[in-house]
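Read off the chains here:
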Amino acid sequence: MSLLLRNRGAILLLMINIFLIFTGIGLVIPIMPTYMTELNISGSIVGLMVAAFSLTQLLFSPVAGRLSDKLGRKKIIVVGMLVFALSEWLFGFASSAVLLFAARMLGGIGAALIMPAVMAYTADVTSMEDRATGMGYINAAITTGFIIGPGIGGYIAEFGIRVPFYGAAVAGLVAAIATMIVLPESKSTAERATSNSGGKLTAVPEKRENIVQQIMKSVREPYFLSLIIVFVSSFGLANYETVFGLFVDHHFGFTAKDIAFIITFGSISGAVVQVTIFGWILKTFGEEKVVSCCLIVASLTVALTLVVNKYWLILLVTFIVFLSIDILRPTISTQISRMADNQQGYIAGLNSAFTSLGNIAGPVIAGFLFDINVNYPFLSASIVLLLCFVLSLRAIKLSRVSRG
């Protein structure tokens, strides 16, 4: 029996934990317009609040990874789930922007604690042969949480806008207790020390570059333009998602349920394409053409959001935006991976860092522009995606020249 099958109960519990985290992230999207009205907060505050989650996650992830090596995966996962539960309860309880900020920052810390610990635990309990399958299960839980989070938030909000957050807090607490009781530690302290030192017990820590040094170093690498596209796609989607609910609430008076359905439909459609015809698209057209096509389509459809005025048209445009970004992201990741050679882990870390930077910058800029004019966030996202499309065309030209 394979290691994965022997540890399927542990993997399932990890999937539940990570699913709850990413569902909690999406709960807030359809509910924010109502929170804005109730607490009288501006678009810029909303943008900063969304960015605060990604910022604390980016800052704490490296620390959390080292803590899981030192203290054990299980302890960090349990603490992370407790922090997540507290953040969701606080968001539901909050009656001021300050408490909302505190809740989102706590949520980012909780996600930072859990993500590396869950990935490391999965690596601990799987062999090289079935590790990709194990990681696939975890990523499926992440994607599913992202997809249905806004939907759950919008539909449960019918019982009260704070109910989804209290429900997530209870679910997080139950998951933390279940993890504490049921989940075994993946490795002993000695085993972790041995695996982290190349098979030798040592007290000397490995010197690591910090994230700023890694980003600065990447400027000189051939995959830097691809990382810029990663940043832009994250920026554009985060920009779009942050103000989409506010935009349709202001223009059309959409309810949280309406907003949730539109975002969930777009997300599910994109996921279906990823698992069905994504491979065929890449094989037929090639990575470079797919990247350029997705960028121009995303740019045009984000701009189209400003001129459509019927529910079904908004649904269609949003579907195309999500679809183009959902195809763009794995295409870029595949492209970067091909350039990475024997630096797969290092490049994956940079990919994650540039994604986080886009998730921070997008909401901040969108929120400030929204306060100036409700149309400006979509205009800015469309222009940035268009400029990146031009860069991608230049990259194709340079690639052809280098190949002779």
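Each remark here, short or long, concerns the structure printed above.
Predicted, not measured: the structure shown is a model, and the values here were computed from it.

(A) Region of the structure containing the overall build of the chain. Assigned secondary structure in the chain consists of 17 helices and zero strands. Taking all 404 residues of the chain together, 49% fall into the buried category. Accessible area for the chain stands at about 18600 Å²; split by element, carbon and sulfur atoms hold 68% of it.

(B) The arrangement of the environment of N359 in detail. Locating N359 in the fold gives a position in helix α16 (residues 344–372). Judged by its relative accessible area of 23%, N359 falls in the partly exposed class. Residues N359 and V232, 127 residues apart in the sequence, show an inter-C-alpha distance of 9.5 Å. Ignoring anything within four residues of it in the chain, the contact list for N359 reads A51, S54, S234 and A238.

(C) Layout of the side chain of S44. With respect to the helices and strands, S44 occurs in helix α4 (residues 43–71). In this structure S44 touches G367, F368 and D371, once residues within four positions along its chain are discounted.

(D) Expanded view of a nonpolar patch on the surface. A contiguous nonpolar surface patch, about 580 Å² in accessible area, is contributed by L82, L173, I177, M180, I181 and V182. Looking at which element gives the most residues to the nonpolar patch, the answer is helix α8 (residues 163–182), with five residues. Summarising the element assignment, I181 is placed in helix α8. Looking at I181, the relative accessible area reads 66%, which means it is exposed.

(E) Fine view of α8. Helix length check: α8, at 20 residues, gives a terminal C-alpha distance of 28 Å against a target of 28 Å (1.5 Å per residue), a fit within 8%. Within α8, burial applies to P164, F165, A168, A169, G172, A175, A176 and T179. Burial along α8 is one-sided: seen end-on, the buried residues are contained in an arc of 135 degrees. Along α8, exposed side chains directed more than 90 degrees from the buried face belong to V170, V174, I181 and V182.

(F) Representation of the packing of helix α2 (residues 8–27) against α8 within the structure. Here α2 crosses α8 at 160 degrees, and the two axes come no closer than 10 Å. It follows from the interaxial angle that α2 and α8 lie roughly antiparallel. Crossing angle aside, the handedness with which α2 passes α8 is left-handed. Taken together, the residues of α8 that come into contact with α2 (itself represented by L13, N17, L20 and L27) are P164, F165, A168, A171, G172, A175, A178, T179 and V182.

(G) Looking closely at unusual backbone geometry. The backbone phi angle of N40 is positive, close to 55 degrees, even though this residue is not glycine. Mapped onto the secondary structure, N40 falls in the loop between α3 (32–39) and α4.

(H) Representation of the pattern of salt bridges within the structure. Tallied over the full model, the rule gives one salt bridge. Linking R162 and E38 is a salt bridge whose minimum nitrogen-to-oxygen distance equals 3.6 Å. Placement of R162 in the loop between α7 (131–156) and α8 and of E38 in helix α3 is noted, with a sequence separation of 124 residues between them.

(I) Summary view of the packing of α2 against helix α6 (residues 97–124). Where α2 meets α6, the closest approach of the two axes is 10 Å, and the angle between their N-to-C directions is 155 degrees. Between α2 and α6, the angle falls in the class roughly antiparallel. The handedness of the crossing between α2 and α6 comes out as left-handed. In this structure, α2 uses A10, I11, L14, I18, I21, F22, G24 and I25 to contact α6, whose residues at the interface are R104, A111, I114, M115, V118, Y121 and T122. The residue makeup of the contact of α2 with α6, split by class, is twelve nonpolar, two polar and one charged.

(J) Representation of α4. Helix length check: α4 (29 residues) gives 40 Å between terminal C-alpha atoms against 42 Å at 1.5 Å per residue, within 8%. Along α4, the helix axis deviates most sharply at F60, where the bend reaches about 40 degrees; the proline P62 sits within four residues downstream. G72 sits one or two positions beyond α4 and adopts a positive phi of about 110 degrees.

(K) Quick look at the side chain of T122. Looking at the element boundaries, T122 is found in helix α6. For T122, a relative accessible area of 0% translates into the label buried. A polar atom in the side chain of T122 sits 2.8 Å from the backbone oxygen of V118. Non-local contacts of T122, meaning those with residues more than four positions away in its chain, are made with I11, L14, G134, M135 and I138.

The rules behind these values
Residues numbered from 1 in each chain as written. Predicted model: local features only at pLDDT ≥ 70, side-chain atom pairs only at ≥ 80, totals over all residues. Heavy atoms only, no water. Helix = DSSP H or I, 4+ residues; strand = E, 2+ residues; numbered from the N terminus. Buried < 20%, exposed > 50% of the residue type's maximum accessible area, 1.4 Å probe, protein only. Areas by Shrake-Rupley, 256 points an atom, 1.4 Å probe, with all protein chains shown as cover. Contact = heavy atoms within 4.5 Å. Patch = residues over 30% accessible without salt bridge, like charges linked within 9 Å, V, L, I, M, F, W, Y side chains within 5 Å. Salt bridge = Lys/Arg side-chain N within 4 Å of Asp/Glu carboxyl O. Expected span 1.5 Å × (residues − 1). Arc of directions from axis to C-beta. Axes fitted to C-alpha atoms, helices over the stretch in contact; angles between N-to-C directions. Parallel < 35°, antiparallel > 145°, perpendicular 65-115°, else oblique. Left-handed = near helix turned anticlockwise from the far one by under 90°. Nonpolar A, V, L, I, M, F, W, Y, C, P; charged D, E, K, R; others polar. Bend = angle between axes of the 7 residues up to and from the residue. Polar contact = N/O pair within 3.5 Å; in protein donor to acceptor, adjacent residues only side chain to side chain.

Shape descriptors only; they carry no functional weight alone.
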